Amino acid sequence: MEFTTAGVVGAGVMGVGVAQNLAQTGHRVVLVDLSEEILDNARKELRNSLRAFAMFNRKAAVDPAEIFEKIEFTTDYEQLAKADFVVENVTEEWAIKERVYKELDRICRPEVVFAVNTSAISITRVGSVTSRPERVVGMHFMNPVPLKPMVEVIRGYHTTPETIDTARRFLAELGKECIVVEDVPGFVSNRVLMLTINEAVFLVQDGVAPAADIDRIFKTCFDHKMGPLETADLIGLDTILKSVEVLYESFNDDKYRPAPLLKKMVAAGLLGRKSGQGFHTYR
């Protein structure tokens, strides 16, 4: 199968990043979300992301007009009927994902693979609400998508080797490699990362050190490009909280208990970069 047109469901930060990466590698994209307001914000996010990409990749010419021409922004799920591959990026809430996949299963051609871009939700569970569980695969992109060369691919219980091969080919067309892991909550990356971030939030809450010092320790002592709380701000504290809650519910283990400070900040709308304020201030 050729991947001429890709469907991208969810026009948040990750969805916009996936759509941009697809358009930059010559694919046409159908980017779907619930409202024109969300899509307008997605257009703004894309413009900002293209500017940032140009700054980090001065040798790679990016024509914003050409990228926008390749992306169809729509609220009409029926437009996904023309997709050759679908990447879903909606919020980490099971009730929402369940509704989305029932719609996708109805609209998309039977041979189309569904890639679940999730931090922690079971790929096997997602596949169970479709008529094609063998063609459902996890595809955990990292942020910012256009700049990250590696993707964590998750094999659900019913995911076939052919689907894994299709996922590899799709990602290769985006200029990315992948590492295949098994379907357990959090997989590899977030089972470790979310615990690290949550524990860093506890350190701030307990007054052990301010956020800036915690991040500085990780950057200067371990050569990390970003500290755990800077990473949390980049991902979005609401997404971090939902991911930690999924881990807590899935394992029934107190080590995944969300820090009360994290809950408080999300309730206050301090979500990180996208709100302008998280553990650090952004302008």
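Residues numbered from 1 in each chain as written. Predicted model: local features only at pLDDT ≥ 70, side-chain atom pairs only at ≥ 80, totals over all residues. Heavy atoms only, no water.

The geometry of helix α9 (residues 228-235) relative to helix α10 (residues 237-251) is characterised by a closest axis approach of 6 Å and an angle of 100 degrees between their N-to-C directions. Taken together, the axis directions place α9 and α10 in an arrangement best described as roughly perpendicular. When α9 is examined against α10, the residues Ala-232, Asp-233 and Ile-235 are found in contact with a partner set consisting of Leu-237, Thr-239 and Ile-240. (Axes fitted to C-alpha atoms, helices over the stretch in contact; angles between N-to-C directions. Helix = DSSP H or I, 4+ residues; strand = E, 2+ residues; numbered from the N terminus. Parallel < 35°, antiparallel > 145°, perpendicular 65-115°, else oblique. Contact = heavy atoms within 4.5 Å.)

On the surface, Met-55, Phe-56 and Leu-147 cluster together into a nonpolar patch covering about 350 Å² of accessible area. By the element assignment, Leu-147 lies in the loop between β6 (136-140) and β7 (150-155). For Leu-147, a relative accessible area of 35% puts it in the partly exposed group. (Patch = residues over 30% accessible without salt bridge, like charges linked within 9 Å, V, L, I, M, F, W, Y side chains within 5 Å. Areas by Shrake-Rupley, 256 points an atom, 1.4 Å probe, with all protein chains shown as cover. Salt bridge = Lys/Arg side-chain N within 4 Å of Asp/Glu carboxyl O. Buried < 20%, exposed > 50% of the residue type's maximum accessible area, 1.4 Å probe, protein only.)

A few words now on helix α2 (residues 36-56). With 21 residues, α2 extends 30 Å between its outermost C-alpha atoms, agreeing within 8% with the 30 Å of an ideal straight helix rising 1.5 Å per residue. Buried within α2 we find Leu-39, Ala-42, Leu-46, Ser-49, Leu-50 and Phe-53. Burial along α2 is one-sided: seen end-on, the buried residues are contained in an arc of 105 degrees. Residues of α2 that are exposed and angled more than 90 degrees away from the buried face: Glu-37, Lys-44, Arg-51 and Met-55. Where α2 is buried, its residues touch α1 (13-24), β2 (28-32), α3 (64-70) and β3 (71-74). (Expected span 1.5 Å × (residues − 1). Arc of directions from axis to C-beta.)

Along β2, four of the five residues are buried, which leaves the element largely enclosed by surrounding structure. As paired elements, β2 and β3 share four bridges and run parallel to each other. Residue Val-29 lies in a different strand from β3, and its bridge partner there is Ile-71. (Pairing = 2+ DSSP bridges.)

The next subject is unusual backbone geometry. Backbone torsion omega between Asn-143 and Pro-144 reads 0 degrees, so that peptide bond is classified as cis. Look at Asp-223: it is not a glycine, yet its phi comes out positive at around 60 degrees. Among the secondary structure elements, Asp-223 is positioned in the loop between α8 (211-222) and α9. One non-glycine residue, Asn-252, lies in the positive phi region at around 50 degrees. Looking at where Asn-252 falls in the secondary structure, it is placed in the loop between α10 and α11 (260-267). Given the relative accessible area of 68%, Asn-252 is considered exposed.

One pass over the structure, following the stated rule, counts 17 salt bridges. Look at the salt bridges and you will find they share partners, linking Glu-78, Glu-103 and Arg-106 into a network.

Take the packing of aromatic side chains next. Enumeration over the complete set of coordinates arrives at seven aromatic pairs. On the basis of an interplanar angle of 20 degrees and a centroid distance of 5.1 Å, the ring pair of Phe-251 and Tyr-256 is categorised as stacked. Phe-251 gets classed as partly exposed once you look at its relative accessible area, which sits at 29%. When the ring centre of Phe-73 is taken as reference, the NZ or CZ atom of Arg-43 above it lies at 4.6 Å. (Phe/Tyr/Trp six-rings, centres within 6.5 Å; stacked < 30°, edge-to-face > 60°. Lys NZ or Arg CZ within 6 Å of the ring centre and 35° of its normal.)

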